[in-house]
Every structure is written in structure tokens, then in C-alpha cells.
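# Architecture at a glance
Each chain, letter by letter, is given below.
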Amino acid sequence: MMKKIILPPQPGTPSDVERIKSESNYLRGSLKETLEYPISSGIPDDDNRLMKHHGSYLQDDRDLRNERQRQKLEPAYQFMVRVRAPGGVATSAQWLAMDGVANKFGNGTLKLTTRQAFQMHGILKWNMKENVQEINAALMDTLAACGDVNRNVMCNPNPYQSEIHAEVYGWAQKLSDYLSPRTNAYHEIWLDGEKVVDSQETDEETEPLYGALYLPRKFKIGVAVPPNNDVDVFSQDLGLIAILEEGKLVGFNIAVGGGMGMTHGDTKTYPQLARVIGFCTPDQIVEVAEKIITIQRDYGNRSVRKYARFKYTIDARGLDWIVKELNERLGWELEIERDYHFEHNGDRYGWVEGSDGNWHFTLFIQNGRVQDLDDYPLMTGLREIAKIHTGDFRLSPNQNLIISNVSSQNKQKIVELIEQHGLTDGQHHSALRRSSMACVAFPTCGLAMAEAERYLPSLLDKMELILDEAGLREKEIIIRISGCPNGCSRPSLGEIAFIGKAPGKYNMYLGAGFVGDRLNKLYRENIGEEEILALLKPLFFQYAKERQEGEHFGDFVIRAGHVKAVQSGLDFHD
Amino acid sequence: MALQVINSPFNQEQVELLNQLLPILTETQQIWLGGYLSASQSTTHSVASGGVAVLEAPATQLEVSSKEVTILYGSQTGNGQALAEKLTKNLRAEEYLVSLSSMNEFKPNALKKIDNLLLIVSTHGEGDPPDNALPFYEFLTSKRAPKLENLQFSVLSLGDSSYEFFCQTGKQFDDRLLELGAKQLSLRVDCDLDYDESAAEWFTNVLAKLNEQQGSSSITVQQPGNKVIEEQLEYSRTNPFKAEILENLNLNGRGSNKETRHLELSLEGSNLEFEPGDSLGIYPENNTELVDALIAEMSWNPSEAVKVNKQGELKPLREALISNFEITVLTKPLLQKAAQFTANNELKALLEPESEQECRNYLYGRDLLDLVRDFAPWEVSVSDFVAILRKIPARLYSIASSSKANPDEVHLTIGTVRYEAHGRDRVGVCSDECAVRAQPGDYLPVYVQRNSNFKLPADPNTPLIMIGPGTGIAPFRSFLEEREEIGAEGKTWLFFGDQHFVTDFLYQVEWQQWLKEGVLTRMDVAFSRDTKDKVYVQHRMIENSQAIFKWLEEGAVLYVCGDEKHMAADVHATLEKILEEEGEMSSKEASDYLADMQQQKRYQRDVY
């Protein structure tokens, strides 16, 4: 029997992306043809929308855009490719495969994303298929790394409690597998898979969870293991907080409706934190996630994409509604939430020993960019390590890298390679720099309004001078910069944050919670570097002088009256 | 200059009569006479008794306000585009003929032909136009922007008032259009982020104004203007026109091994006419560094006067070497003449009959500076030495534009020649000048070289197959511009090739646009250095053998432009192969078929 997922009717006309998805025959569109069209290295907008669901999209080198336009050349089109790694875990062989394709087809760098995925830039259309095939050969994929589906599932890479990590990571993987799209389009387009005959395709067989229209918007899941909130669990559409009792995993608190993105000038859009609605046992987690996703599938706004994230679906109806709807769909009720306590959301750098006797080394990677610089052969060093490393690699949610599960026998060899290539755990940097994140922005991101990754290091250089003067070099302060308000670097959770408005101009935000439990607040609009430094200097000095015992910068600026505390995303713009 | 029998088509008696009359005519009389003579030439019936020419005046026209409206948008985020689409829908509902496009898809030279223009444009960053408005913006704000007295317009600008330069781009367009003489149809409206209401208000105003004009059926009587009689100067190869450079850019993207210049020259006031397929001659100047090195080598005095032509015109040596003489090419006759001025026996030995091959080797890739360095000591006066030099020849380039599409302009596609030979970096004289020295605002001496062997078919329905790798693409740009302009309906198929897709796809966005519009029906490309095995245009032809043969059988005209030695020969061989295979012809039949096509002017080549 044919079974079609019928969505409840909604006001407003469906957005163009809904049309594209509905006409796409489960994410196929005309991608096969347009990827081969020889007159342009780009693909049409409609296909690019679908391409996202395959983990890639078309970008162009914006540094060259105007120059090439004058030269009567199309933009320097290239594809960004994102490779899923649930919980950020990859084997040495997979690391070498990523390094290989980035150098062979990409621009010779890898970006470790804020969602623990691999990202590469600069891949030409003609190389895309071979690129995906090599990724596939390494038992990885790009499917659903972008698009209106569940994205890469984040998970605390916890190097301390080895058994707990193994168990929690196992659940993250299960979620990732279960929530992956089922369409055969990915195999057909990239892996020369057989085309399934159209008439036999039904939602039930093809996409039993998503249906032909997939979700109204992206959906993000992250799993935190207290006391570490490195995954920023409250920024997720669905956040899971592992509850440990007597050293054993007993289940997860369920938090719903977080998200960072907003649109400048539209106060109906806002960042929001996920709210805890209950608890379930580990074996119930997949079912809970599935039902929550179907609620968003059925009720999420399909007319205006900027209002389509789960947070708006919930905020429009209230938390009680979502709990009721969820319990109905489950046929049973969530338990009452359990106690938990977060202490920080950053990474602990350097060597630590796991409970099973293996060693883990957390490497500081500025902005998550793995590349060889003249004075810092990071990419080469990691390649050499991967060649002999018998454990795994873990991408941290803060864009750092953990060389994980190093056996005591192997440790000395790894130490030597780290020293030989001068790889750093960041201890010689300021604590501010070690707590920093930046999205990609220029020149490849089409949404960027201002620089982020290319700019942050030099801004930090200047801030460090002030911090040194104020005696705050070793004080951890979460600082984040995003080139646009979509917020890939989760800027609304920065104690200090910048969101791009125009080249060289940022909105400045202050006052987020140190453990990722409070949004920040707009402090100044549309300012440049000179003003940024002039504003921060007295704040840093005041903080150095007047802070209370253990008081974090984000809390201090509120107590000192510089910004109001944001209680909910709904008052973010007040 | 007085008329003489030798410099005019008149006989002695006519010359004398004219020389009596001409010096006493006032300027107005001269202009009138010029007009009279050319008018009576072109309109045999218009000479009334008494010999007074009646210039045909345009008939008095009754003109109803146009229902045609052009809407252009410059949009970064899509808001502007959405508004433009909505406005289009509204106006069409009122039966206006609306043409809608983004600013970068609009050919700005069409502005002059438009009556009603509605602009919707946003502002970004620090008062910058959106990316897709940039070429149009640059055109309009440049000195090339035409007077637009017949244009009515209105601007809707989008912006964000939290920025310093709120709606800057819209304001600039508004001001500039007024400055160019255009009239505001309705006032500009500046919109903030919440633009819906202000945009709707602007929509209403614009529509009301347009309707008002329709309603009052504003019948305007156009007064015949005074026909300006232009000075008839004949520019030619011997009297080149100094054409101003309007644009000079490199078509190759960063990282290319090549440099191909796109030049736009002004022919305004030249009366030079050309058709697609014609070439433009440019008289180049020699590189001053080479000239100075030569002068230094010979210890000449750069300001010594030397004769530059048979008439005995004198110029300082340096100037003469720059503009009048060829110094970058060596010839055997030149060596022979030079041999008398040197005591160096090696030169004489090189000229012996048995050293012929050696001499040829020597000539290849060397210039005058090599000659004077290699065969010193010289015993010769400057004037005797320059007397053996050839005049610098003009360089011919296939014209890359249609004068219908770009009136008063001519565009060229010039591959820059640079190479290293015999221990020195060398450059092509003219291409180097165009690449390095010729800047917008400078002038180049040019003339039109007709090429009747490379012409579009008279019938616009005839299919065209065009094969033009590298700079061979130039005439096909003019073909398509022309075909677009005349609304030709015949199919067109272009083969292009170069080294790399990313950097060397010359005029890429123009072909894309023409493919989209259907002016270009098919295009196949070969980029030789993007793949392991080198692919060239002939490989793409073989892949499409069947279709090519079909097109030929349907009467397509086939054009080849570009490199003669390799490409044109390979293409010719490929055509024979296609005919043999697809047309089941013997090799004799195939070559007869091509010869026959050539005979019928259906196989035309412009190769070099």
C-alpha cells in the first residue's frame, strides 16, 4: 500500500524550498545532469538547495567575485563539502582520508566545525563525484551534513571517563543512523548506485520518518555529559544531558527548542535556549528523538524559512503543548527531569589519562582550521601522527582536536611527533584565545557580512595586550565571532561575541553564561575594531579589579550593570 | 591643403575651379556644401529646381506614451528581486509591456532605447551596490554613460537605516540619472528593513503616473530637429583614426598562464563602419625600454632628427624608433643591408649561401638589439642606419563586437605574447602595448580592414557552427551580438577551447547569457589542461559527429577562427573524418564536399 505522510495544513504559501523538495523526487532533482553541465562550474539554485541535503553546497571565492565579474568570468565557483562524524570520532585511516581529499580536491586545508564535522572548501564541480567516492571508501559520508534534516549528532568527546564516553557515544551513533535520510538518491548521484524505479517509491519505503518534504528546516541534536557542556546542549533543537548516577549512565534529560540563528533587523527572530522537559532512559532515546522530530516535521513553519526552526514552533505554542504532544505520540510520559550540574563548556588542553589507562592529548586548533603554515606545519604533523596512531581522533565541539586512546606504549612516539612538528596544546596562548571560536565567513561563505575566521586571530592579538595589562591572561572568557547572524560559532553563548554586519563592522554582545546556560545581550551596534577595543579595555580593567571570587566575565558585566541578563530568547531584543 | 590632381579625383581644370572657390567659403558654407553634395548623392529625387537641396525631414509623428516599461533590480538578499517581480506582475495586469531583469543581465547600451525605467536597488556594507548591480552601476557612473533625455525613471531604494550610508546606491542612481538628463516619473522612495509599506506606496505612485500619461494620451508633436551635417573625413589604413581606449581588461582570471586583453575603443566621430567578421588594424608603438637600449648600445643621440618617410618628414630619433620603424623583427634583406655597415665578418659569413639554415635560425626570435650587439663594431651614421629599417606594420585583430549592439565602439580580444628567447624576455609589440601601456583615456591609431571572406550569411535563419578556441573566439562574439540585435532565429553552435576552465573561459558569462536567451543554441568546450589527456575542440567535434553532419546537411555555415598551423588544420581533418563517417563518403568526396562548401561560402576561415 502507498502511504504518504500528510502534513497538517498551514497558513501561508509554502516557501520555494518546499516546492524544490517536493519536485525533487527525494533529493534527486536534476543534480545528475547539472553536475555534468560543462558551461558552468556552478549548479542552478534549485539543485543547490537539494545539494545541501547531500552535505555540500556551491560557494564562490568572494575575494575574487567583483574582479571576475569585470573579467566577464562567472564567480570562482567551488563546493564546500561537509563530512559527518557523529560525536566527532574518526579513525586514523579516516583522518588520513580526510587529509588526502582536502589536499587532492580541496584547498589544502580542513575545517573542524563547531558541530564536530569535517569540512573542506574549494572543490570544483568536476571533482565532486570522485571526492565523495573517496570519502565513502573511508566509510564516511556527507549525507545530511547540511539540509532540512537531522544534522551531525554532537556528543561530548569526554576523554576522562572512557566507559561513559563509549556508552554515550554509542547512543549518539544510534541516533545519527536512525535519523539519516533513507533516499537512494545519494547512492545514485555519487556512488553510481542503481536507480530505484520511481513508481515503487513511497514515503513509507523511502523516507518513513521525513516524508517527501523532509523537515521545514535543519534540526540539531547534541549530547552533553555533565559537568562538561562543551556541546552547548542548550543551543540544540534537541539537547540530551546524560545523567550519571553512581558512575553509571541511567538516562538523559531532554531539552528542546534551542537555536542560535536570527536575522538582523527582524526581532521576530532570536536565539533561544533549549528547555529541559523531562527525562528518559537510554533505550527510549531514539523513540523520543523520532517523535520530537515528527512534531517539528508536522508543525514547523513551511512558509517562511527564517521562522521555521523548532524553537519558533515551540515558542508559538508553549512548552506545555510540546510535552503533551510528545507524550501523546509516545503513548507514555517522560519522567521528571533529574539533577545535573555543568561547570564549563570549554576544552581541557594537553595530556590526560582515561579511566582505562589510555592517554588523550587535546590540541589547540585556532578556529578549527587544520593547515600547514610556514611556521606551523599542523596538517603535516597530524598526518604523521595518524600514520602511527592506533587510537582515534575526536573533533571537539570547540573546534579543537583530541588525539584519543593513545596506549602507554605508543605515547612516547606521539609525544615525539608532537614536539617535532611544534604542535601546541595552546598553553602559551591566553585563556581568552583558548576559549575562542570563529565560523568560516569570508571568502567562501555566501552568507558572511563580515570577516570571522580570518579576522579573529589579529583581534585577539590586540585584546591580549589589554588582558596582559589587566592581569587577566589566564582568565577563561568565552569569546565567539560569526560573520552573519546565522551563528555557526554559537555566538549568542559567548561571554563576549561579535556578529558581522558589514565589512569591518560588528554587533557586540556581552553577558552569556560561562557554562552555556544564558544568552548574551546586544551591547553595541555596528562598531569597528577601534571602538571594540576602546569599549573592552575599561571593562577588562573593571573586571580585574572588581570581580568577586570565581565570578565569570559574563556574570560580572550583568552585575556591574553593563547589560541586562537575558532570561529567555523572547526577551533577547528587549 | 590645396587640391592637386595627384591627391584628388579631379582633373586639372576642376582642381583650379575648386581651388578658386574653396578658400573663400565660410565654415557654414563648407558644411552646407558637404551636406548638399552627399544629400543629392543619396536622394536623387530631392533636388528641387534652383539646385537647392531639400533635406528629407522626418515626418511629424503623433506619439502616444509608451506602454513599455523596463524594470531592473540590484539585489543581494533577494528582497529587491522579489519586489521587482511583484511590480512586474502588477504592471502586466494593467497591460504594460514589462521587461524585467537583474542589472547584471541587462545590457546597459540598451538604455538609450528605453522610455520608462524603474530601478529597485539595495545598498550594502558601507554604502556599496549589490554585487549584481556593479557592472550597471559602473557603466552608469562612468563617462561612457549616454545622455538619457528621453528616459523617464523612478527609483526604489532598499536599505537599513542602522548603517551610515542608508540607501546610498539608490540615491546615487537617482542623482546620476537626473544628471544624464532623464526625468523622474515619480519621486524616489527609500525603504528601511520594514519596506513593505513604503514599497507599496512607491508602486502606487509609479502606476498612477504611468496611467496618468496613458490617460492624457499625451500626444506630443515631435519637431524635426536640425540635421547636423558631420564633417566627412575619410579614415583609412594610411590615415588611421585615433581611437580612445574606453576599457582595457584582462579576461583571464588569477592564476592563468595566459593574458588575453579585452579592449573597447571609441570610434565616435570616425565614420568608420564595420561588419561582423571584419578586422581592426592598430599601429603599435615599440617598447621604449627596447628603444632606449638600442640607442644606448649604439651610443646614438636620441634627439637627432631622422627622416621617417619618403616625403622627408623629420622626427627625433627616439620618437621615430618608437612609432615609425620596425625593430622587433629581423629579416634577411635587413641583415644584408646592415652588413655593409659593420666590419664584423661573422655577419657576412652568416649571409653566405651555404649558411642559409644558420641564418634562418639566427633570425628566429631575435630583434634589432641582438643584431647590433652581435655584430659590432658599426661604422654608420644614424640616418643611414634607420634608412634600412622597415616601417612598423599595423597589427590586425578580428573585431569582437557588433556595431549594431555597441554603436560607436569597437571591441577587440588580444592575446598577450610574452616569451623568453636568447636570454632575454620578449614581447609581442602590439599585444604588449595593449596589455601594459594602453590605458583607458589613451589613444590608438586604428583603421577598419574589411574581410569579405568571413561574413554572416544574409539569411538570419541559416544555422551557424562556429569554432574558435583561444582568441579565435573574437569574431563569434560579434556574430552573436549582431544576431541578437537583429533578432535572428537561426540555430547557432559554438566550440571553444583553452587551457583551464576556471581562468581561461573567455567571455564566459556572455555565452551563458546567450545560451539562456537562446541566441546561442549549443556550446561545447574543451579545456586542454584540466584533464589528464589533453582535449581540444576537434575532440568535442568528434563526440558530436552526428549532430554536426546533420547541421551541415541542413545548410549550416561553418566558421573557423584562430591558430592556423595546428588548430585549423586539425579541425579541417576532423571535418573530413566526420563527413567520411557520418556521410559515408570517400576521402575524395569528403574533401570535395568541403571545397564545395567553401565555394558556397559555407566554410569560412579567419586563421592566423
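For the structure itself, look to the data block above.
Given the structure is predicted, the values throughout are model-derived calculations rather than measurements.

So, how was this worked out
Residues numbered from 1 in each chain as written. Chains lettered and ligands numbered in written order. Predicted model: local features only at pLDDT ≥ 70, side-chain atom pairs only at ≥ 80, totals over all residues. Heavy atoms only, no water. Helix = DSSP H or I, 4+ residues; strand = E, 2+ residues; numbered from the N terminus. Buried < 20%, exposed > 50% of the residue type's maximum accessible area, 1.4 Å probe, protein only. Contact = heavy atoms within 4.5 Å. Areas by Shrake-Rupley, 256 points an atom, 1.4 Å probe, with all protein chains shown as cover. Rg over C-alpha atoms; globule rule 2.2 N^0.38 Å. Expected span 1.5 Å × (residues − 1). Polar contact = N/O pair within 3.5 Å; in protein donor to acceptor, adjacent residues only side chain to side chain. Axes fitted to C-alpha atoms, helices over the stretch in contact; angles between N-to-C directions. Parallel < 35°, antiparallel > 145°, perpendicular 65-115°, else oblique. Left-handed = near helix turned anticlockwise from the far one by under 90°. Nonpolar A, V, L, I, M, F, W, Y, C, P; charged D, E, K, R; others polar. Pairing = 2+ DSSP bridges. Phe/Tyr/Trp six-rings, centres within 6.5 Å; stacked < 30°, edge-to-face > 60°. 1 Å grid on protein atoms, 1.4 Å probe; cavity = no way out; pocket = protein on both sides within 12 Å on 5 of 7 lines; lining within 4 Å. Points joined across faces, edges and corners; volume = space filled by probe spheres on them. Core = buried A, V, L, I, M, F, W, Y, C linked by side-chain atoms within 4.5 Å.

## Considering the overall build of chain B
Check the secondary structure of chain B and you find 21 helices and 23 strands. Counting the 608 residues in chain B, one finds 48% classified as buried. The long-range fraction of contacts in chain B, counting pairs at least 24 apart against all pairs at least 6 apart in sequence, stands at 75%. Approximately 30600 Å² of chain B is accessible, and the part contributed by carbon and sulfur atoms is 49%.

## Concerning the overall build of chain A
From N to C terminus, chain A includes 18 helices and 22 strands. The C-alpha atoms of chain A give 23 Å as radius of gyration, which agrees with the globular expectation for 574 residues (25 Å, within 12%). Its C-alpha atoms give chain A principal-axis dimensions of about 70 × 55 × 55 Å. In chain A, which comprises 574 residues, the share counted as buried stands at 63%.

## Observations concerning helix H5 (residues 92–104) of chain A
With 13 residues, H5(A) should cover 18 Å at 1.5 Å per step; its first-to-last C-alpha distance of 18 Å lies within 8% of that length. Where H5(A) is concerned, the buried positions are Ser92(A), Gln94(A), Trp95(A), Met98(A), Asp99(A), Val101(A) and Ala102(A).

## Some thoughts on the side chain of Asn152(A)
Residue and element names in this part refer to chain A. Relative to the assigned elements, Asn152 resides in the loop between helix H6 (128–137) and strand E6 (154–155). On the accessibility criterion, Asn152 (3% relative accessible area) is buried. At 3.4 Å, the side chain of Asn152 forms a polar contact with the backbone oxygen of Gln116. With residues near it in sequence (within four places) discarded, Asn152 still touches Arg84, Ala85, Pro86, Arg115, Gln116, Ala117, Ala144 and Ile221.

## Looking at unusual backbone geometry
Residue and element names in this part refer to chain A. With omega at 10 degrees, the peptide bond leading from Pro226 into Pro227 counts as cis. Tracing the backbone shows Pro227 in the loop between strand E7 (221–224) and strand E8 (238–245). In this structure, the amide linkage connecting Phe442 to the following residue, Pro443, adopts the cis form with an omega of 5 degrees. Take Pro443: it is sitting in the loop between strand E18 (436–438) and helix H16 (456–470). The phi torsion at Leu27 lies on the positive side, around 75 degrees, for a residue other than glycine. Turning to its location among the elements, Leu27 is positioned in the loop between helix H1 (16–22) and helix H2 (31–34). A residue is classified by how much of its surface remains accessible, and Leu27, at 0% relative accessible area, is buried.

## Quick look at the packing of helix H7 (residues 162–178) of chain A against helix H10 (residues 285–299) of chain A
Residues and elements named next belong to chain A. Across the interface, H7 lies against H10 with an axial gap of 10 Å and an inter-helix angle of 40 degrees. Relative to H10, the element H7 is oriented oblique. For the pair H7 and H10, the crossing hand works out as right-handed. In this structure, H7 uses Trp171, Lys174, Leu175 and Tyr178 to contact H10, whose residues at the interface are Ile285, Val286, Ala289 and Glu290. Residue composition of the contact of H7 with H10, by class: six nonpolar, no polar and two charged.

## Remarks on the sheet that holds strand E2 (residues 77–83) of chain A
Residues and elements named next belong to chain A. Reading across the sheet, the five strands line up as E1-E2-E5-E4-E13 and stay open at both edges, with antiparallel pairing between neighbours. The open sheet terminates on both sides in strands that have one partner only, identified here as strand E1 (56–60) and strand E13 (369–370). When E2 meets strand E5 (residues 118–123), the two strands line up antiparallel, connected through four bridges. In the strand pairing of E5, Arg82 is matched with Gln119. Running over the sheet, H5 touches E2, strand E4 (110–112), E5 and E13 and is turned about 20 degrees from E5.

## Structural notes on the pairing of strand E18 (residues 443–449) of chain B
Residue and element names in this part refer to chain B. Among the seven residues that make up E18, five are buried, leaving the element largely enclosed by the rest of the structure. As judged from the four bridges shared by strand E9 (residues 241–250) and E18, these two strands associate in the antiparallel manner. Paired with Glu244 across the bridge in E18 is Tyr443. Where strand E11 (residues 279–282) lies against E18, four bridges are found, and the strand directions are antiparallel. Residue pairing in the sheet places Ile282 in a bridge with Val446 of E18.

## Notes on the packing of aromatic side chains
For the coordinates displayed, the defined rule picks out 44 aromatic pairs over all chains. Ring centres 5.7 Å apart and planes at 35 degrees place the aromatic pair Phe454(B) and Phe479(B) in the tilted group. Of this pair, Phe454(B) sits in the loop between E18 and strand E19 (464–467) while Phe479(B) sits in helix H15 (residues 474–486); the two residues are 25 residues apart in sequence, bridging distant segments of the chain. Accessibility expressed as a relative area gives 0% for Phe454(B), which makes it buried. Among the residues examined, Phe479(B) registers a relative accessible area of 0% and is labelled buried. Put simply, the rings of Trp126(A), Phe496(B), Phe501(B), Phe505(B) and Phe527(B) pair up and form one aromatic cluster.

## Remarks on empty space enclosed by the protein
Residues and elements named next belong to chain A. Taken as a whole and judged by the stated rule, the model has three cavities of 30 Å³ or more. Roughly 100 Å³ of internal volume is contained in the largest cavity. Looking at the largest cavity, it is lined by 13 residues, and the ones nearest its centre are Pro159, Asn228, Asp347, Arg348 and Ile402. Residues that form the lining of the largest cavity fall into these classes: four nonpolar, six polar and three charged. Around the second largest cavity, the lining residues are Asn345, Gly346, Asn398, Arg434, Ser435, Ser436, Met437, Ile478 and Arg480. The class makeup of the residues in the lining of the second largest cavity is two nonpolar, five polar and two charged.

## Examining the environment of Thr123(B)
Residue and element names in this part refer to chain B. You can see Thr123 is positioned in the loop between strand E4 (116–122) and helix H4 (134–141). Residue Thr123 is classed as buried on the basis of its relative accessible area, which comes to 12%. Residues contacting Thr123, with those up to four places away along its chain left out, are Asp128, Leu158, Phe165, Cys167, Gln168, Thr169 and Gly170. At 3.2 Å, the side chain of Thr123 and the backbone nitrogen of Gln168 are in polar contact.

## Observations regarding the nonpolar core
Residues and elements named next belong to chain A. Trp95, Phe118, Met120, Ile254 and Leu382 are the most contacted members of the largest nonpolar core, which totals 97 residues. The element best represented in this core is H10, accounting for seven residues. Leu382 has contacts with Trp95, Leu363, Ile365, Val370, Phe393, Leu401, Ile403 and Leu423, leaving out every residue within four places of it along the chain. Ile496, Met508, Leu539 and Phe553 belong to the second-largest nonpolar core, a separate cluster that totals 39 residues.

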